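# Remarks on the overall topology
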Amino acid sequence: MNPIILHINFMECDWLTLSCPIDEIVKKAVEWGYDGIEFRGVCPANFSGTEDEYLKEVAAAAKKYGLKYPMFNRGAENCSSADAAVRAETVRKTADFYKRAREVAGTSIFNACCDMKLCPDGRIIPGCYDFGGSYMGTEDDWKYTVDTYQQIAKEIEPLGIKVAFETHMNYLHDRPETSKKLVDLIGSPSFGINMDYGNTVYLTNVPSAADCVELYGDKLYYMHLKNSSLIQNWHRLPTSLAEGDINHRPYLTKVKEMGFTGPIGIEAPRNGDREWFARQDLAYFKQLAEEIGL
């Protein structure tokens, strides 16, 4: 079975604030049956140490409890800046983080996002993402972003480090086709796609999940699974993995057919008892994976 990754938002009480200490988080994740955890790539708001101390604490807990895949979400902030000096600094800082996380925690694959591109038009209704992200991206945004990540690739490619851009609203890599465009333009084996179809469904006129799997092909490095239900034709309500509009069975069957062996992350973008959701969603995924032979 593919490595199963717990997204850290199961263990957050709000953005960047952990609901319990890192040691306890790792202990619970392993006891529940997860193989790894995707942590934030910056220190939590309620962590008092340095970034190096953060990496070391994650690594120590992973070793203590046998967590096999400590992962991090870290992109190159200001990657689309027109200022070459700013881009050079983000290349240095981002590549350095990837290297340190690999050395300290053994992380070999990272989730990532580029710079956010928001639509400034206040007439756009909340929750409408078609007019942000790649829709707002200029030729310079694409040029500078690609250049930044090509420079990072020179640093991390020899180490076998892989970075997966999450298909996510409000980024150049919001839509399936623009996500594939980005990694193709970068042109490095270090960069691929984190398929999050739970984000993709917030956009209109998108391919099916199974078609996305075919589009990404060997550039599919990681996956996020979550679900939601469409309410009144425009608003989406986050649900458990099994209860929303997305049927995970057909596209995960396609994933099995193409031989994807990378990590699959389960995410909880909903409030409530997230620790219960972590176990509930894992039970559903394991049952489904057994049935389709993942």
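Fair warning: this is a prediction, and the values are worked out from it, not measured in the lab.

### Structural notes on the packing of aromatic side chains
- Within this structure, the stated rule accounts for twelve aromatic pairs.
- Considering the side-chain rings of Y54 and F72, the 6.1 Å spacing of their centres and the 75° angle between planes classify their relative orientation as edge-to-face. With Y54 in helix α2 (residues 51-65) and F72 in strand β5 (residues 69-73), the pair connects residues that are 18 residues apart, well separated along the chain.
- Its guanidinium or amino end placed over the ring of F97, R74 lies 4.4 Å from that ring's centre, counting from NZ or CZ.
- Above the plane of the ring of W142 lies K181, whose end atom (NZ or CZ) is 4.1 Å from the centre.

### Re helix α9 (residues 274-292)
- With 19 residues, α9 should reach 27 Å at 1.5 Å per residue; the first-to-last C-alpha distance of 27 Å fits that figure.
- Among the residues of α9, those classed as buried are R274, F277, A278, D281, L282, F285, L288, A289 and I292. Burial along α9 is one-sided: seen end-on, the buried residues are contained in an arc of 135°.
- Immediately beyond the C-terminal end of α9, within one or two residues, lies G293, with a positive phi of roughly 80°.

### Digging into the pattern of salt bridges
- In the structure shown here, the tally under the stated rule is 22 salt bridges.
- Measuring nitrogen to oxygen at the nearest pair gives 3.1 Å for the salt bridge that ties K28 to E24. Residue K28 and its partner E24 are located together in helix α1 (residues 22-32), separated by four residues, close to a single helical turn.
- You can call K28 buried: its relative accessible area is 19%.
- Residue classification places E24 among the partly exposed residues on the basis of a relative accessible area of 33%.
- For D147, the salt bridge identified is with R87, shortest N-O distance 3.8 Å. Taken together, the positions of D147 in helix α4 (residues 139-156) and R87 in helix α3 (residues 84-105) put the pair 60 residues apart, joining distant regions of the chain.
- The class of D147 is partly exposed, set by a relative accessible area of 30%.
- Overall, the relative accessible area of 11% leaves R87 in the buried class.

### A closer look at the layout of surface pockets
- If you add up the space inside the largest pocket, you get close to 1,200 Å³.
- Lining the largest pocket are 42 residues; nearest its centre among them are W15, R40, N73, H168 and Y171.
- With five residues, the top contributor of residues to the lining of the largest pocket is α3.
- Considering only residue class, the lining of the largest pocket consists of 15 nonpolar, 15 polar and twelve charged.

Reading guide: rules and limits
Residues numbered from 1 in each chain as written. Predicted model: local features only at pLDDT ≥ 70, side-chain atom pairs only at ≥ 80, totals over all residues. Heavy atoms only, no water. Phe/Tyr/Trp six-rings, centres within 6.5 Å; stacked < 30°, edge-to-face > 60°. Helix = DSSP H or I, 4+ residues; strand = E, 2+ residues; numbered from the N terminus. Lys NZ or Arg CZ within 6 Å of the ring centre and 35° of its normal. Expected span 1.5 Å × (residues − 1). Buried < 20%, exposed > 50% of the residue type's maximum accessible area, 1.4 Å probe, protein only. Arc of directions from axis to C-beta. Salt bridge = Lys/Arg side-chain N within 4 Å of Asp/Glu carboxyl O. 1 Å grid on protein atoms, 1.4 Å probe; cavity = no way out; pocket = protein on both sides within 12 Å on 5 of 7 lines; lining within 4 Å. Points joined across faces, edges and corners; volume = space filled by probe spheres on them. Nonpolar A, V, L, I, M, F, W, Y, C, P; charged D, E, K, R; others polar.

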